[in-house]
Amino acid sequence: MADGANLPAADFAAGTPRARAARPVILSLDHVDKVFGTSVVALRDMALEVRQGDFISLLGPSGCGKSTALRLISGLMQPTRGRVRWEDPQARDTLGVVFQEPTLMPWATVAENVWLPLRLRGKSRAQVMPDIAEALAMVGLTGFENAYPRELSGGMKMRVSIARALVTHPRLILMDEPFAALDEITRFKLNNDLLAMREKLDCTVIFVTHSVFESVFLSDRIVIMAARPGRVIRELAVDAPYPRDAAFRTSTEYVAHCRAASEALAEAMQGVAHEG
Amino acid sequence: MAVTDAGPSRATNTQSAPVVDAEEAGRLALMRRERTLRWALPSAVFLALILLWQGAVTVYEIPHYQLPGPFLVMQTLVEDFGSLAGSWWTTVRITVLALILAIIGGGGLAILFTQSRWIEMSLFPYMVVLQVTPIIAIAPLIFIYIDSHIARVLFIAWIVAFFPVLSNTALGLKSSDHNLRDLMTIYRASRWQRLRFLQLPSSLPYFLGGLRIAGGLALIGAVVAEFTMGSGGQSAGLAFRILESSYRLNVPRMFAALVLVILTGIAIYLVLSWVTWLLLHKWHESALKREG
Ligand SMILES: Nc1ncnc2c1ncn2[C@@H]1O[C@H](COP(=O)(O)OP(=O)(O)OP(=O)(O)O)[C@@H](O)[C@H]1O
Ligand SMILES: [Mg+2]
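Conventions used here
- Residues numbered from 1 in each chain as written.
- Chains lettered and ligands numbered in written order.
- Predicted model: local features only at pLDDT ≥ 70, side-chain atom pairs only at ≥ 80, totals over all residues.
- Heavy atoms only, no water.
- Helix = DSSP H or I, 4+ residues; strand = E, 2+ residues; numbered from the N terminus.
- Buried < 20%, exposed > 50% of the residue type's maximum accessible area, 1.4 Å probe, protein only.
- Contact = heavy atoms within 4.5 Å.
- Buried area = accessible area lost by both parts, 1.4 Å probe.
- Salt bridge = Lys/Arg side-chain N within 4 Å of Asp/Glu carboxyl O.
- Core = buried A, V, L, I, M, F, W, Y, C linked by side-chain atoms within 4.5 Å.
- Pairing = 2+ DSSP bridges.
- Axes fitted to C-alpha atoms, helices over the stretch in contact; angles between N-to-C directions.
- pLDDT = per-residue confidence, 0-100.

(A) The overall build of chain B, seen in detail. Looking only at helices and strands, chain B has 12 helices and 0 strands in total. Listing each helix as α and each strand as β along chain B from the N terminus yields α-α-α-α-α-α-α-α-α-α-α-α. Scored against the burial criterion, the 292 residues of chain B give a buried share of 36%. Contacts spanning at least 24 positions in sequence make up 71% of the contacts within chain B whose residues lie at least 6 apart.

And the structure:
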């Protein structure tokens, strides 16, 4: 955990997020375009500044380029125009990713799956045993080290996937609709746990979702996007302090934020319709 | 909210527990019956065929140089086992060696192909040519160009057996999960790490599927090779014994040798199925169904 020590978790725990502008920038997207083939504009002129400690949700309809944005950030593809500028190289080196599917190796046990990112850096299992145990404890899967993925439920597989992303002590985690395939009860539980984990790890998250409710519950910034061409339409701040727990979901504050986000989304989409 | 749900649902569970038990018991009984039938039915068919065969031979008084009865075949097998065993061993050795070469050659080529598109593009067509050329047609050439008998026979058996290993493994190496591939890229895996941690394990079920086909083909190759190449002196295989017995009109001995060939094929299949199960049963879908 030594990695993120320079930003005390207490800042979130106390419910007094430091002024955003004072936090260092981790990375920024600089007028990024991504065009597939000659005509599919997946992203147009996307600008985004990610600061340490942010929990950013990318919210928008299918096909608006959310996954494309994450793939550009993770370096899986290069922008057609503009740049992805990393200000914090260590964040790039320890980057954690979680996909919509758990994406586990079925032939490997839970512990071996979590070991993978460190194994690829040449670390022996004995060497990183404590890190694996810690990551599994964080997602509540202590005792499942030797289980195979097929023996786990969908929610548990997702937890393994998250543990694998956490094991490198990442400063930045990218999550692409990680809970979309889960039932609502499991999703709520994982949302709560995700926030609790973040309190402990003090990392930055970019989270892609279709769900207004999920984005409001989790994030302090919601980036609303539209399709054809994919682009950012609005940015909303959710200034409710962390830690947020299950009680936040029933608060009037939460409901108000959800309404605001839904309206912003609908309004933005409508504006788009008129434009087009 | 989960807690309030759990109450009533647990209550209904206890009420309907006996029903579930009866259902469960029924399913278990069905499974047990199916497991018994799985070996009982083929055994019954086998017995019926043997009896029919023996019956026909007895009733129509077929001379044993035309069609020996199963009991005579068994008797010949036991009596001639001393001379047949050596040939059997020769055939088994060639088959196993050819299979090992098929694994090395097919698997190695498949790995080479995934490492370089250029190599794959250059060589794959010739692999197909090797595969589709009738081996009997090039046997005379092999006879001219290769001196050692054992090398000739192995070469033929290898050509017959290696292609399924190659094509299945090549397919398996390419069909790893694309998200896992992205993950490897994000974690900056080297080419070797990608092969070791992702492609090889993903291809294992495909490779084993190819291996099971190759096992049978290696045996066919070993027999065909001996038919076309003749025997290599004292280390004659089963194919040579079949030919030899046919020249002498010793049909019961032909049948006895044939029985050994068939038993070998079955044994190879069983061993390879067992290896497949051993390697896959912990994680792969194909092997899971058998467990239940
Ligand atoms: N590799 C690709 N080749 C061609 N077109 C692509 C490719 N990847 C994405 N696209 C196109 O780019 C657009 C944005 O896709 P993207 O996957 O980023 O959307 P998304 O917002 O993640 O959608 P969803 O919510 O359905 O996951 C879509 O129109 C898609 O068809
Ligand atoms: Mg997507």
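Text resumes after the structure shown.
(B) The interface of chain B and chain A, seen in detail. Listed as interface residues are 23 residues of chain B and, on the opposing side, 23 residues of chain A. For the pair chain B and chain A, the two sides together bury roughly 2,200 Å², of which 68% comes from carbon and sulfur. The largest per-residue losses of area from chain B upon contact with chain A belong to B:Ile186, B:Tyr187 and B:Trp283, which jointly make up 29% of the total buried on that side. At the junction of chain B with chain A, the criterion picks out 2 salt bridges. Salt-bridge contacts for A:Asp93 lead to B:Arg188; the nearest nitrogen and oxygen are separated by 3.2 Å.

(C) Summary view of the nonpolar core. Residue and element names in this part refer to chain A. With 92 residues, the main nonpolar core has Leu27, Leu58, Trp86 and Leu172 as its most contacted residues. With residues up to four places along the chain from it excluded, the contact list for Trp86 reads Ile26, Leu27, Ile73, Ala91, Arg92, Leu95 and Leu172. If you look at the next biggest cluster of nonpolar residues, it comprises 53 residues, including Trp115, Ala163, Ala240 and Ala264.

(D) Region of the structure containing unusual backbone geometry. Residues and elements named next belong to chain A. Between Arg228 and the following residue, Pro229, the backbone shows a cis peptide bond with an omega angle of -10 degrees. By the element assignment, Pro229 lies in the loop between strand E8 (221–226) and strand E9 (231–237). In this chain, Tyr242 is followed by Pro243 through a cis amide linkage whose omega measures 0 degrees. Tracing the backbone through its elements, the reader meets Pro243 in the loop between E9 and helix H9 (252–275). One non-glycine residue, His169, adopts positive backbone phi at about 50 degrees. Relative to the helices and strands, His169 resides in the loop between helix H6 (154–166) and strand E6 (172–176).

(E) Seen up close, the sheet that holds E8(A). All names here are of chain A. An order of E5-E6-E7-E3-E8-E9 is seen for the 6 strands of this open sheet, with the pairing classed as mixed. At either end of the open sheet lies a strand with only one pairing partner, and these are strand E5 (96–98) and E9. Strand-to-strand, the axes of this sheet are offset by a mean angle of 15 degrees, without reference to chain direction. Direction of pairing for strand E3 (residues 55–59) relative to strand E7 (residues 204–209): parallel, over a ladder of 5 bridges. Paired with Phe55 across the two strands is Val205, which belongs to E7. Strands in contact with H6 are E5 and E6; relative to E5, the strand with the most contacts, it is inclined by about 165 degrees.

(F) Just the confidence of the model for chain B, in detail. Residue and element names in this part refer to chain B. Here chain B averages 87 in pLDDT, and 90% of its residues register 70 or above. Between the elements of chain B, mean pLDDT differs from a low of 40, seen in helix H1 (residues 2–15), to a high of 96, seen in helix H8 (residues 178–186). Segment residues 1–17 is flagged for pLDDT under 50; beyond a separation of four residues in sequence, or across chains, it makes 1 contact in the model. Across the interfaces of the predicted complex, the ipTM metric reaches 0.87, alongside a pTM of 0.84.

(G) Fine view of the sheet that holds strand E1 (residues 25–36) of chain A. Residue and element names in this part refer to chain A. Spatially, the 3 strands line up as an open sheet ordered E2-E1-E4, and their pairing is antiparallel. Each edge of the open sheet is held by one strand with a lone partner, namely strand E2 (40–51) and strand E4 (81–86). Strand-to-strand twist of the sheet, defined as the mean angle between neighbouring strand axes without regard to direction, takes the value 15 degrees. Pairing of E1 with E4 involves 5 bridges; the strand directions are antiparallel. Of the residues in E4, the one forming a bridge with Ser28 is Arg85. Sitting on the sheet, helix H2 (residues 66–73) touches E1, E2 and E4, and the angle it makes with E1 is about 120 degrees.

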